[in-house]
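Summary of structural features
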Amino acid sequence: MEQAKTIIITGATSGIGQATALLAASHGHRVVLAARKEADLQATAAAIHQAGGQAIFKVTDVSNRDEVQALIDFALAEYGRIDVLDLNAGVMSFAPMNEIRVDEWERMIDINVKGVLYGLASAIPVMEKQRGGQIIATDSTAGHQVGQNNTVYASTKFSVRAIMDGVRAEEAGAHIRTMMVSPAFVKTGFFADQRNANLESVPKLRPEDIAASVVFAIEQPANVDINEIVLRPTL
Ligand SMILES: NC(=O)c1ccc[n+]([C@@H]2O[C@H](COP(=O)([O-])OP(=O)(O)OC[C@H]3O[C@@H](n4cnc5c(N)ncnc54)[C@H](OP(=O)(O)O)[C@@H]3O)[C@@H](O)[C@H]2O)c1
């Protein structure tokens, strides 16, 4: 078996993040779960423990710099090193620009972009000191192509791609691997929102499909840096 790693996952209580946590723990890795709702964190950790895996959790809002720093400090205090930081937490609000939903634009920028930057701010110094680590961001095919009604969401995912490409260029010498996983639609909590009911019949991936790609990238040998996996469902 690949050596067990310490993996922090944000947005670990639902959808892609939860599937990644369950799969990584089933492979023997130690997972540190982060999200805002404590009850959901407890439930996800309990499911992992019941299956014989190792998980701890910390309530974290990724749009709060201090809480992200506290998450990294917590994982370091518990396990002594951070092998992987999976910056997965993100929100999507789809609407045409002329509905002027400025509050939703700000929320997406705060969580999807600043949340990633705060994670990098806390993890890069740790990984440079360790002389190694891996940073993963959940991007999207919306980070490659803008469609109708997803302009601001896509802009946050284009931004994540720029940030992660820059970190790769700067940090490869410190043996920090960087990877983006970029799925098309995935059947997750997002589609429970009635505003997205029109997307009900669109083909979707399963959260487990994305989790398998993430764990595959994590378990590559240290000299192999998979930088992006793009996933679309068959039609
Ligand atoms: N679903 C898709 O079709 C799709 C496609 C491409 C990319 N993505 C990306 O995949 C990622 C995960 O999405 P998903 O569809 O799996 O979402 P989801 O099922 O709605 O789950 C979102 C997770 O993020 C957490 N979260 C939300 N806001 C947070 C915050 N401010 N701080 C910390 N945690 C927060 C939620 O828990 P709490 O509410 O308790 O915080 C939950 O654990 C996102 O980055 C999304 O943009 C999704």
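Residues numbered from 1 in each chain as written. Predicted model: local features only at pLDDT ≥ 70, side-chain atom pairs only at ≥ 80, totals over all residues.

Let's shift gears to helix H2 (residues 38-50). The first and last C-alpha atoms of H2 sit 18 Å apart over 13 residues, in line with the 18 Å expected at 1.5 Å per residue. Taken residue by residue, H2 has Leu41, Thr44, Ala45 and Ile48 as its buried positions. The buried residues of H2 occupy an angular sector of 95 degrees when the element is viewed end-on, so they sit on one face. Opposite the buried face of H2, at more than 90 degrees from it, the exposed residues are Ala39, Ala43, Ala46 and Gln50. (Helix = DSSP H or I, 4+ residues; strand = E, 2+ residues; numbered from the N terminus. Expected span 1.5 Å × (residues − 1). Buried ≥ 20, exposed ≤ 12 C-beta atoms within 10 Å, placed from the backbone. Arc of directions from axis to C-beta.)

It is worth spelling out the nonpolar core at this point. If you look at the biggest cluster of nonpolar residues, it comprises 52 residues, and the most contacted ones within it are Ile8, Ala21, Val31, Leu33, Ala34 and Ile136. Look past the residues within four positions of Ala21 in its chain and what remains in contact with it is Ile9, Ala12, Val31, Leu33, Thr44, Ile48 and Ala55. (Core = buried A, V, L, I, M, F, W, Y, C linked by C-beta atoms within 7 Å. Contact = placed C-beta atoms within 7 Å.)

Bringing the environment of Ile16 into the picture now. Here Ile16 shows up in helix H1 (residues 15-26). The exposure class of Ile16 is buried, given the 30 C-beta atoms found within 10 Å. Excluding residues that lie within four positions of it along the chain, Ile16 makes contacts with Asn88, Thr138, Val186, Thr188, Pro207, Ile210 and Ala211.

So, on to the sheet that holds strand E3 (residues 54-59). Reading across from one edge, E3-E2-E1-E4-E5-E6-E7 is the order of the seven strands in this open sheet, with parallel pairing throughout. Every interior strand has two partners, whereas the edge strands, E3 and strand E7 (228-231), have only one. If you compare each strand with its neighbour and ignore which way they point, the axes differ by 15 degrees on average. As judged from the six bridges shared by strand E2 (residues 30-35) and E3, these two strands associate in the parallel manner. Its bridge partner being in E3, Arg30 is matched across the sheet by Gln54. In the packing of H2 onto the sheet, contacts are made with E2 and E3, and the angle to E3 comes to roughly 175 degrees. (Pairing = 2+ DSSP bridges. Axes fitted to C-alpha atoms, helices over the stretch in contact; angles between N-to-C directions.)

Two elements in contact, H1 and helix H6 (residues 207-218), have axes whose closest approach is 8 Å; the angle formed by their N-to-C orientations is 55 degrees. Viewed along their axes, H1 and H6 adopt a mutual orientation that is oblique. Of the two elements, H1 crosses H6, and the hand of that crossing is right-handed. Contacts between H1 and H6 pair Gly15, Ile16, Gln18, Ala19, Thr20, Leu23 and Ala24 from the former with Pro207, Glu208, Ile210, Ala211, Ala212, Val214 and Val215 from the latter. A breakdown of the residues in the contact of H1 with H6 according to their chemical character gives ten nonpolar, three polar and one charged. (Parallel < 35°, antiparallel > 145°, perpendicular 65-115°, else oblique. Left-handed = near helix turned anticlockwise from the far one by under 90°. Nonpolar A, V, L, I, M, F, W, Y, C, P; charged D, E, K, R; others polar.)

In short, geometric facts, not functional conclusions.
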